[in-house]
Amino acid sequence: MKPTFSRNALCCALLFCSNTINAQTIAHTPQDEPNELETITVVSSKIATPLREIATSVTVISKEDIEARANTSLSEIMRHEVSVGVSNSGGIGKNTTLRIRGEDGFRTKVFMDGIELSDPTAPQATPIFDDILSNFVERIEILRGPQGLMYGADAGGVVSITTEQASLGLHGSAKAELGSDSTQLINGELGFANDTGHIYLAASDFSTDGFNAQTSDTSNEKDGYENTTIHLNAGLNLSQDLQLNFVLRDVTSDNDYDGCYDNITYALINQCRTEGENQTARLSVHYQQKEMGHTLGLAKTDIERDFFSNEQFSYGSKGEITKVDYTGFYDLKRHKLIWGADNESQKITSSKLEREQTGVYVEYQTSLQDSLYFTAGMRYDDNDTFGTHTSYRVSAAYLIPLAKQNTLKFKSTYGTGFRAPSLYEQDYNNGDYAYGDAAGLQLKEETSKGFDFGLEFNNPNQHASLVFFKQTIADEIYFDNIAYQGYLQNASSSESQGAELEFSQDLTKQLRLRANYTYNETHTTDEQPRLRRPKQQANIGLQQSWLAQSLQTNLFVNHVRELFDIGGQPLDNYSVVSVSANYQLNQALKFNVKIDNLLDREYQEVAGYNTSGLAVYIGIQASL
């Protein structure tokens, strides 16, 4: 292990920095923010659209937001957003589930630069949040609610991650960060762009000793994590209207955890480790003129994981996802047509299982006098496992201009979606271990539907929104934990409903407040609370900028109430306070400080698993 970076040294460094930095302002001040309605989003319909024109519920996290929150794990950055819940089992690199509007994590689609980040070898094809770090991420968009229209199966919510690209000329940077639990991060990036094309190459190496993951591990042995990421983003301008793009990402990880079985005695032990490798790539061609555009892409995701107990190999898994996708649009100002098709192949190569799904979709958008916006779309999917499924989405938004640049917006959407049975679920029922009702049972798709209605108030310095939502899951696939027959389907429906409140305000020219509150009632088919979904969750963020465009300080509070685990076990309510600061010394040097869990609060997100206490991190970045 790497040498310990003591808390005393960190505190001294922090005090030194606070005494030598003059109070100044960062380049990005609250008054620089555009009106919320003019923020561009892509995730809703796969084409760039201002938020004013969409009725779907979308959150956009900018590069400035990512840097302010200063979390290494991407899921930790997203937990500050409305209707986003995160459950982590013992620290960075450990099993992490992200839920949108109370739905299971495997009902969320995650894409990075158009590449799906899912593990097809998991019991349910699950997004790979454990190994996604925030390095080199430029932007995150979160689409809430059933979104089967554009994305097909498993899209109970969508997270779209965009990584950095090269800007004009030659640029680069190197960053080093040290912190509690012997945490070390080193990354570097180099980019170049001109009229012919662009290329961006980045790499990072992260390691931490971590902390004891499970409360039952009385040895108090630390469970560490290591992650090495290499990222390439390149493009070639074949003509003024035609571009060729290529993205490649390779992530290798090594994770210690508690709770596996000895290969010989089958005793439950805590000397467990996972080695993982995740490779993703996408080649795409994009053609666009003023009123029309076409994008064709070919993407590949390869997943490999090996599991060890007592440093002896236990088992491994390999899987891959290959996807060909096409999106086109035609824009006639008041009328817009979007259409597309995709073919996805999932494989568990270690078990020789595979399936394909092909989908086509179309959406019509229209507007009236730049105040009324309406969309209607349909998607048709054909899946090897269960056959065909049709999804729909309709939406409407109405804007009312008010005095003094104020705008009131009413919006509503209704959408349907589905989740395909995973390769593992169906294979289990076809195998020797299933019996009774589950033996040979051919699972069909889960179906979902969701409705929301809300209103927003916007002006250049303020944004407020209130959204009510309700969504249900029918034919839910579940494992029989009573008789252990296998995977069955429930004739009843599970439900999630609630309200989302968001507010942001420039309190002064240098001080900005952002807050959100989520009330979420979730029930299983037998009317019990669903696991690890807080009924109430609130986030508060304060961003202060100072003179001379150099210093930004941030305060974040995350509060969770009424959380239940397995067997209805209640977990304690908790509030976690974190602070961060970024100081731009000059064009070449930048410093950052982050203190997580400032009040050293003890709490649990998953019963039986520890969370980090007070932790301090300091870093320096040098740029060309």
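Okay, so let's go over this structure. (Residues numbered from 1 in each chain as written. Predicted model: local features only at pLDDT ≥ 70, side-chain atom pairs only at ≥ 80, totals over all residues. Heavy atoms only, no water.)

Let's shift gears to the overall build of the protein. Helix and strand content of the protein: 5 helices and 39 strands. The C-alpha radius of gyration of the protein comes to 24 Å, within 12% of the 25 Å expected for a compact globule of 624 residues. By the burial criterion, 53% of the 624 residues in the protein qualify as buried. In the protein, once contacts between residues fewer than 6 apart in sequence are set aside, the share between residues at least 24 apart is 61%. (Helix = DSSP H or I, 4+ residues; strand = E, 2+ residues; numbered from the N terminus. Rg over C-alpha atoms; globule rule 2.2 N^0.38 Å. Buried < 20%, exposed > 50% of the residue type's maximum accessible area, 1.4 Å probe, protein only. Contact = heavy atoms within 4.5 Å.)

With that out of the way, let us pick up the state of the cysteines. All chains considered together, the criterion is met by 1 disulfide. Sulfur-sulfur distance for the disulfide between Cys260 and Cys272 comes to 2.1 Å. The disulfide joining Cys260 to Cys272 has a torsion of about -95 degrees about its S-S bond and is therefore left-handed. Taken as a pair, Cys260 in strand S17 (residues 260–261) and Cys272 in strand S19 (residues 272–288) lie far apart in primary sequence, 12 residues in all. The pair Cys260 / Cys272 is uniform in exposure class, with both members buried. (Disulfide = S-S within 2.5 Å.)

This paragraph deals with the environment of Gln426. Along the chain, Gln426 turns up in helix H5 (residues 423–430). Once residues within four sequence positions are removed from consideration, Gln426 is found in contact with Thr385, Leu441, Gln442 and Leu443.

Taken in spatial order, the 5 strands of this open sheet run S3-S10-S11-S6-S7, and their pairing is mixed. Sheet topology places strand S3 (58–61) and strand S7 (115–116) at the edges, where each strand pairs with a single neighbour. Sheet topology places strand S10 (residues 137–144) next to strand S11 (residues 157–163); 7 bridges connect them, and they run antiparallel. Bridging from a neighbouring strand, Glu141 pairs with Ser160 of S11. (Pairing = 2+ DSSP bridges.)

Tallying each qualifying case throughout the model produces 12 aromatic pairs. Both rings, one in Phe111 and one in Tyr151, keep their centres 5.4 Å apart while their planes meet at 40 degrees; by these two values the pair is tilted. Of this pair, Phe111 sits in strand S6 (residues 109–112) while Tyr151 sits in helix H4 (residues 148–151), placing them 40 residues apart in sequence. No difference in accessibility class separates Phe111 from Tyr151, as the two residues are buried. (Phe/Tyr/Trp six-rings, centres within 6.5 Å; stacked < 30°, edge-to-face > 60°.)

Pairing is possible between side chains that carry opposite charge, provided their charged atoms lie close to one another. Under the defined criterion, the tally for this structure stands at 44 salt bridges. Between Lys175 and Glu177 there is a salt bridge, and its shortest N-O distance comes to 3.9 Å. The network of salt bridges with shared partners includes Glu103, Asp104, Arg107, Arg419, Glu425, Glu446, Glu476, Arg530 and Arg533. (Salt bridge = Lys/Arg side-chain N within 4 Å of Asp/Glu carboxyl O.)

Bringing the pairing of strand S28 (residues 462–474) into the picture now. Inspection of the sheet shows strand S27 (residues 446–459) paired to S28 by 13 bridges, in the antiparallel sense. In the sheet register, Asn459 faces S28, and the bridge partner there is Gln462. Turn length for the S27-S28 hairpin, with the two strands adjacent in sequence and antiparallel, is 2 residues. Two elements, S28 and strand S31 (residues 493–506), share 13 bridges in a ladder whose sense is antiparallel. Across the sheet, the residue bridging to Ser465 is Glu502, located in S31.

This paragraph deals with the side chain of Arg107. Inspection of the secondary structure assignment puts Arg107 in the loop between strand S5 (96–100) and S6. Those residues in contact with Arg107, other than ones at most four positions away along the chain, are Asp154, Ala155, Gly156, Gly157, Arg419, Glu446, Ile473, Glu476 and Arg530.

Structurally, Glu344 is set in strand S22 (residues 335–348). Buried charged residue Glu344 carries no salt bridge. Nearest counter-charge: Lys323, at 4.1 Å. Only 3.1 Å separates the side chain of Glu344 from the side chain of Gln346, close enough to count as a polar contact. Excluding anything up to four places from it in sequence, Glu344 contacts Lys109, Glu116, Ile321, Thr322, Lys323, Arg355, Glu356 and Gln357. (Lys, Arg positive; Asp, Glu negative; His and termini not counted. Polar contact = N/O pair within 3.5 Å; in protein donor to acceptor, adjacent residues only side chain to side chain.)

Owing to its 3.6 residues per turn, the α-helix aligns residues three or four sequence positions apart on the same side. Along H5, the residues classified as buried are Leu423, Glu425, Gln426, Tyr428 and Asn429. Contact partners of the buried residues in H5: S22, strand S23 (353–368), strand S26 (407–419), strand S29 (477–479) and strand S30 (487–489).

This part covers unusual backbone geometry. The phi dihedral of Lys333 falls on the positive side, at around 65 degrees, and the residue is not glycine. Mapping Lys333 onto the fold places it in the loop between strand S21 (312–331) and S22. With a relative accessible area of 78%, Lys333 lands in the exposed category.

Moving on: the pairing of strand S37 (residues 574–584). As defined by bridge partners, strand S34 (residues 551–561) adjoins S37 across 10 bridges and the pair is classed as antiparallel. Bridge pairing in S37 links Gln552 to Asn582. As judged from the 6 bridges shared by S37 and strand S38 (residues 589–596), these two strands associate in the antiparallel manner. Within S38, the position partnered with Val579 by the bridge is Ile595. Counting the residues between successive antiparallel strands, the hairpin from S37 to S38 contains 4 residues.

What follows deals with the nonpolar core. Of all hydrophobic cores here, the largest spans 19 residues; its most connected members are Leu74, Met78, Leu98, Ile140, Ile142 and Val159. Contributing elements (two or more residues each) for this core: helix H3 (74–78), strand S4 (84–88), S5, S6, S10 and S11. Every residue in contact with Leu98, bar those within four places of it in the chain, is listed here: Met78, Val84, Gly85, Val86, Gly105, Thr108, Phe129 and Val159. Val58, Leu149, Met150 and Ala155 belong to the second-largest nonpolar core, a separate cluster that totals 16 residues. (Core = buried A, V, L, I, M, F, W, Y, C linked by side-chain atoms within 4.5 Å.)

Here the focus is a nonpolar patch on the surface. Together, Leu368, Leu372, Phe374, Val394, Tyr398, Phe410, Tyr414, Phe451, Phe453, Leu455 and Phe468 make up a nonpolar patch on the protein surface, roughly 950 Å² of accessible area in all. Taken together, the elements giving at least two residues each to the nonpolar patch come down to strand S24 (372–383), strand S25 (387–401), S26 and S27. Structurally, Phe374 is set in strand S24. For Phe374, a relative accessible area of 38% corresponds to the partly exposed category. (Patch = residues over 30% accessible without salt bridge, like charges linked within 9 Å, V, L, I, M, F, W, Y side chains within 5 Å. Areas by Shrake-Rupley, 256 points an atom, 1.4 Å probe, with all protein chains shown as cover.)

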